[in-house]
Amino acid sequence: MPDHKTASPWWASEQAKGSRSLILSSLAFSLMTVCVKQLNGRIPVTEIVLVRAIISLALTGMGLRLAGVKPWGTAKARGLLFARGIAGSIALLCFFQAIEKLPLAAATVLQYTYPTFTALAALFLLGESLRKRIALAVLMGWVGITFVVQPDWLTGDVQALPLIPALIGILGALFTALAYVSVRRLSATEHPLVIILYFPLISVPITLPWVIGTGVWPMGVEWIWLLGVGVFTQLGQIWVTDGLRRLPAARATSINYIQVVFAASWGWLWFSESISLWQIGGGGLVLIATMISLSAKNNQPT
C-alpha cells in the first residue's frame, strides 16, 4: 500500500508554536507590570529587580535539576550567555529609570522602539533578512503603540523631554534588542533554562549593592505582588525564549507588540483607567501588525 503522509495541522507548526509562546509571554509580562504597579512605588526599583532575580534563580535552578541539564551551558557559548545577562539587566534598569524620570507614556514609547532595533541587529549580527512584510509590521506596531500611550506631542500638549532620561530610555530599548538577538543566537545550541539562568545570575550582583544601601522591608500584601513579579517574569522568559527559538528575531519581537494591548486592557479592567479613541485605534493597529507577523511564512520572500 502507498505511504500517504498526513500534513500536520497549522496549529502544530513551528510558526504557530512560536507565535503562541510569544503571545503568552506578552500576557505574562503584562501581568508582571500589574504586580509592579500594585507596589505603588514604595519598593525601590532595584529591589524589585533583585527580588525578581532571586525568584527566577530559584525556579530556574529547580527546573535545571529536574531536567538534568548542566547550568553553565557550553564553553563556546558562555561569553554570549554572560552578554545576554548583562544586556537584559541593563535594559531592565534603564527602562525603570526612564519610568521614574519621564511621563509613563513617553517612557513606554521609547522602550517599545526595541523591535526596530531588534530587526536591525538581527540583520547585521545574525544575517536574518528583513522581509517587507515584517518591516511593515514593525512600523505599524510602532505607530499603534504611539497611539495607545498618547505622548504629549501627539495629543497637542507639546513638551520637550529631558535629554538624559530620554537617552536612557532609548539605551534601554537598544539593550533589550541586543538581549533578544542574543537569545535568538543562543537558542540554536543552549537549553532554554540555561539561557534564562544567566539573566538573574547577572542581575543579582548588579542590584545587590544598591539594595543594601536603599532597600526597604516589604510589608503584608507586598510580598504577594513581589512573588507575582518573579513568577510572571519567569513564565514570560520561558515563553519568549521558546518563541525566539522557533521564529526569526524581527518577526518575534513584532508579535510582542501585543503586550501593549494587554497592558491597556489591565489598566481599564484593574485600575479603572479610561480608554480613549487614540488607544482603541492604536490597539487595532497593534493587532493588525501582529496578524501580519503571524501570516508571514518563513519561506515567503516578502
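Residues numbered from 1 in each chain as written. Predicted model: local features only at pLDDT ≥ 70, side-chain atom pairs only at ≥ 80, totals over all residues. Heavy atoms only, no water.

**Considerations on helix 12 (residues 258-269)**
With 12 residues, helix 12 ought to run about 16 Å at 1.5 Å a step, and its terminal C-alpha atoms sit 17 Å apart, in line with that. Considered for burial, the residues of helix 12 that qualify are Ile258, Gln259, Val260, Val261 and Gly267. (Helix = DSSP H or I, 4+ residues; strand = E, 2+ residues; numbered from the N terminus. Expected span 1.5 Å × (residues − 1). Buried < 20%, exposed > 50% of the residue type's maximum accessible area, 1.4 Å probe, protein only.)

**A few points about the packing of aromatic side chains**
Aromatic ring pairs are described here by two measures, namely the spacing of the ring centres and the angle between the planes. With the rule as written, the count across this model stands at two aromatic pairs. For the pair phenylalanine 82 and tyrosine 198, a centre-to-centre distance of 5.1 Å together with 85° between the ring planes defines the contact as edge-to-face. With phenylalanine 82 in helix 3 (residues 78-101) and tyrosine 198 in helix 9 (residues 192-214), this pair connects stretches of sequence that are 116 residues apart. Overall, phenylalanine 82 belongs to the partly exposed group, its relative accessible area being 37%. Each ring, one from tryptophan 217 and one from tryptophan 223, has its centre 5.3 Å from the other, and the planes form 70°; the classification is edge-to-face. (Phe/Tyr/Trp six-rings, centres within 6.5 Å; stacked < 30°, edge-to-face > 60°.)

**Quick look at the side chain of glutamate 47**
As for its position among the elements, glutamate 47 is in helix 2 (residues 45-67). Here glutamate 47 occupies a buried position and makes no salt bridge, while the nearest side chain of opposite charge, arginine 42, is found at 7.0 Å. Among the polar contacts made by the side chain of glutamate 47, one reaches the main-chain amide nitrogen of valine 216 at a distance of 2.9 Å. For glutamate 47, the residues in contact, after removing those within four places along its chain, are Val211, Gly215, Val216 and Pro218. (Lys, Arg positive; Asp, Glu negative; His and termini not counted. Salt bridge = Lys/Arg side-chain N within 4 Å of Asp/Glu carboxyl O. Polar contact = N/O pair within 3.5 Å; in protein donor to acceptor, adjacent residues only side chain to side chain. Contact = heavy atoms within 4.5 Å.)

**Regarding the nonpolar core**
Ranked by internal contacts, the top residues of the largest apolar core, which has 45 residues, are Ile48 and Leu81. At seven residues, helix 9 tops the list of elements feeding residues into this core. Discounting residues that sit within four places of it in the chain, isoleucine 48 has contacts with Val36, Leu39, Ile43, Leu226 and Val229. (Core = buried A, V, L, I, M, F, W, Y, C linked by side-chain atoms within 4.5 Å.)

**Considering the side chain of glutamate 222**
As for its position among the elements, glutamate 222 is in helix 10 (residues 222-246). On the basis of relative accessible area, glutamate 222 is assigned to the buried category, the value being 10%. At 2.8 Å, the side chain of glutamate 222 and the backbone nitrogen of methionine 219 are in polar contact.

**Digging into helix 1 (residues 14-38)**
The end-to-end C-alpha distance of helix 1, which contains 25 residues, comes to 36 Å, matching closely the 36 Å that a straight helix rising 1.5 Å per residue would cover. Asparagine 40 lies just past helix 1 and shows a positive phi near 60°.

**Observations concerning the confidence of the model for the chain**
Scored by pLDDT, the chain comes out at a mean of 79, with 82% of its residues at no less than 70. Across residues 298-302 the pLDDT falls below 50, and counting only partners more than four positions away or on other chains, this stretch makes 11 contacts in the model. (pLDDT = per-residue confidence, 0-100.)

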